[in-house]
Amino acid sequence: MTLATQQLSIGTLDDAIARLSSGEAELFHRLYRVIVTEGKLRTPPSMRPWVEKQFGSVAAVESQRIVRVTNRITMDDVLFNALRSQRPIQMRDGARLMEMIETQHPNDPLGHPLEGTPEDVFGRLQGKHSVTAANIAKLDSLSSLIVFDNYNPLEFNREQVVDYITLGWSWAQQANAHDPSAVYYFFLWNCLWKAGASLLHGHAQMLLGRDMHYGKVERLRRDALGYQGDYGGSYFDDLFAVHRSLGLAFEKDGVRVIASLTPVKEKETLILAEPFDPELPYKVYDVLSCFRDHLGVVSFNITLYQGPVGPVTEDWSGFPNIVHLLDRGDPTSQTADMGSMEIYAASVVASDPFHVARALHEAVL
């Protein structure tokens, strides 16, 4: 990473684009649209002491730089304003998070999974640090859990994370052998209640769908095929190239890591690998540990997009395994991190992809 890249921020994205070579700039503008505006307001004298304490200066509030980034291919759309990370949010005592987690430990319904959870009709799979269980309230007809040996979902190491992901792949193959019509695999890990977990005990979930992949995965497949038809190249290769040209992506051991320019929410990072690449689970751990140990993330979502595990009629050529990781904020906060804008319009994000990329470079490379 060059010194110039180390000094970049999302607020100066237009300057970063201007430094690209003509070929890099052409590719960037093929994939992305950027609009930079200034949001202005007037601060009454009565508010100025509070504004200075909360945001550092009155000037920072009265002229705010807004950067809107839109992916032209997928229409992912994000509004960045770093000032929003400083807005007042009602908080509980963050130091009590571990205590809050441990308080529920005596009533843990996943504490004894062999006795306390159902199993799939094709049996239960055992990993080194986890075991599968049928989801008692299914998301789809083939819908199961990976129950971690560790109760606390924030206590994970490399071997454990690799075990969770590889056990999920084994479950997908076993489920497909049981029902060959089910071929569309989806893996998800919601960590703590802020990320949508209904149980505190560490666990991930797997689904295997029929007829068509889940809507957002299928939408991406179609967008990527459309891009290939229009431009004759791989959307995923070009996505990586654009991010790398800005210092937002790198490759290690054949796996690509991207700090996304259009994150769904804070710090979203993508990991791209060949289907069933055995190196992928290790890179998931590397990024996840960076989130936890360097970026202060304690609640997160992880998902795995993957092509079908059996024969289908539609074209999945060139579609990689894609892992999404993102921060869901402070679990002790009473403020939700997603609202009407994220659900119905565009994501509003305070974290800076360039800051995330620098942390990933230092921790993973």
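Residues numbered from 1 in each chain as written. Predicted model: local features only at pLDDT ≥ 70, side-chain atom pairs only at ≥ 80, totals over all residues. Heavy atoms only, no water.

### Looking at the sheet that holds strand 3 (residues 77-80)
Strand order in this open sheet of 4 strands is 1-2-3-13, and the pairing throughout is mixed. The sheet terminates laterally at strand 1 (32-40) and strand 13 (347-349), the two strands that pair on one side only. Mean inter-strand twist for the sheet, computed between neighbouring axes without regard to direction, equals 20°. Where strand 1 lies against strand 2 (residues 63-71), 9 bridges are found, and the strand directions are antiparallel. Pairing of Tyr-32 across the sheet is with Asn-71, part of strand 2. Sheet strands touched by helix 3 (residues 22-31): strand 1 and strand 2. Its angle to strand 1, the strand with the most contacts, is close to 75°. (Pairing = 2+ DSSP bridges. Helix = DSSP H or I, 4+ residues; strand = E, 2+ residues; numbered from the N terminus. Axes fitted to C-alpha atoms, helices over the stretch in contact; angles between N-to-C directions. Contact = heavy atoms within 4.5 Å.)

### Observations concerning the pattern of salt bridges
A full pass over the atoms with the stated rule returns 19 salt bridges. Arg-222 is paired through a salt bridge with Glu-218; the nearest N and O atoms lie 2.7 Å apart. With a gap of 4 residues between them, Arg-222 and Glu-218 both fall in helix 9 (residues 215-231), about one helical turn apart. The class of Glu-218 is buried, set by a relative accessible area of 4%. Among the salt bridges present, the one from Arg-256 reaches Asp-237, with a minimum N-O distance of 2.9 Å. (Salt bridge = Lys/Arg side-chain N within 4 Å of Asp/Glu carboxyl O. Buried < 20%, exposed > 50% of the residue type's maximum accessible area, 1.4 Å probe, protein only.)

### A look at the packing of aromatic side chains
One pass over the full model with this rule turns up 20 aromatic pairs. Seen from their ring centres, Trp-50 and Phe-55 are 5.9 Å apart, and the 80° between their planes marks the pair as edge-to-face. Judged by relative accessible area, which is 40%, Trp-50 ranks as partly exposed. Taking the centre distance of 4.9 Å and the plane angle of 80° together, the rings of Trp-316 and Phe-319 count as edge-to-face. (Phe/Tyr/Trp six-rings, centres within 6.5 Å; stacked < 30°, edge-to-face > 60°.)

### Things to note about the side chain of Asp-108
As for its position among the elements, Asp-108 is in the loop between helix 6 (97-103) and helix 7 (113-116). Despite being buried, Asp-108 has no salt bridge partner; Arg-124 is the closest side chain of opposite charge, sitting 13 Å away. In terms of polar contacts, Asp-108 uses its side chain to reach the side chain of His-201, at 2.6 Å. With residues near it in sequence (within four places) discarded, Asp-108 still touches Tyr-151 and His-201. (Lys, Arg positive; Asp, Glu negative; His and termini not counted. Polar contact = N/O pair within 3.5 Å; in protein donor to acceptor, adjacent residues only side chain to side chain.)

### Description of the environment of Tyr-184
Tracing the backbone through its elements, the reader meets Tyr-184 in strand 6 (residues 182-191). Judged by relative accessible area, Tyr-184 falls into the buried class, the value being 2%. For the pair formed by Tyr-184 and Gly-111, sequence separation is 73 residues and the distance between their alpha carbons is 30 Å. If we ignore the near neighbours within four places in the chain, the residues touching Tyr-184 are Leu-207, Leu-208, Gly-209, Arg-210, Asp-211, Met-212, His-213, Tyr-214, Pro-308, Val-312, Glu-314 and Trp-316.

### Some points on the packing of helix 3 against helix 10 (residues 235-245)
One can describe the packing of helix 3 onto helix 10 by two numbers: an axis separation of 10 Å at closest approach and a directional angle of 120°. One way to sum up the angle between helix 3 and helix 10 is to call them oblique. The chirality of how helix 3 crosses helix 10 is left-handed. Facing Glu-24, Leu-27, Phe-28, Arg-30 and Leu-31 of helix 3, the residues of helix 10 in contact are Tyr-235, Asp-238, Leu-239, Ala-241, Val-242 and Ser-245. Among the residues making up the contact of helix 3 with helix 10, the classes are represented as 7 nonpolar, 1 polar and 3 charged. (Parallel < 35°, antiparallel > 145°, perpendicular 65-115°, else oblique. Left-handed = near helix turned anticlockwise from the far one by under 90°. Nonpolar A, V, L, I, M, F, W, Y, C, P; charged D, E, K, R; others polar.)

### So, the side chain of His-213
By the element assignment, His-213 lies in the loop between strand 7 (203-210) and helix 9. Leaving out residues up to four positions away in the same chain, His-213 has contacts with Tyr-184, Tyr-185, Glu-218, Gln-306 and Trp-316.

### A look at the sheet that holds strand 9 (residues 255-259)
For sheets, the rule is that strands pair by backbone hydrogen bonds, running either parallel or antiparallel. Sheet architecture is open: 9 strands sit in the order 4-5-7-6-11-12-10-9-8, paired in antiparallel fashion. Two strands bound the open sheet, and with one partner strand each, they are strand 4 (130-134) and strand 8 (249-252). Direction aside, neighbouring strands of the sheet carry axes that sit 20° apart on average.

### Here's the deal with helix 10
Those residues of helix 10 not exposed but buried are Tyr-235, Phe-236, Asp-238, Leu-239, Phe-240, Val-242 and His-243. With a side-chain oxygen lying 3.2 Å from the backbone nitrogen of Phe-236, the N-terminal cap of helix 10 falls on Ser-234.

### With respect to the confidence of the model for the protein chain
Looking at the protein chain, the pLDDT average stands at 93 and 95% of residues meet or exceed 70. Counting interchain partners and residues more than four positions distant, the pLDDT-below-50 stretch residues 88-94 has 16 contacts. (pLDDT = per-residue confidence, 0-100.)

### Topic: helix 8 (residues 158-178)
Compared with the 30 Å implied by 1.5 Å per residue over 21 residues, the 30 Å span of helix 8 between its first and last C-alpha is a close match. For helix 8, the capping residue at the N-terminal end is Asn-157, with a side-chain oxygen 3.2 Å from the backbone nitrogen of Glu-159. (Expected span 1.5 Å × (residues − 1).)

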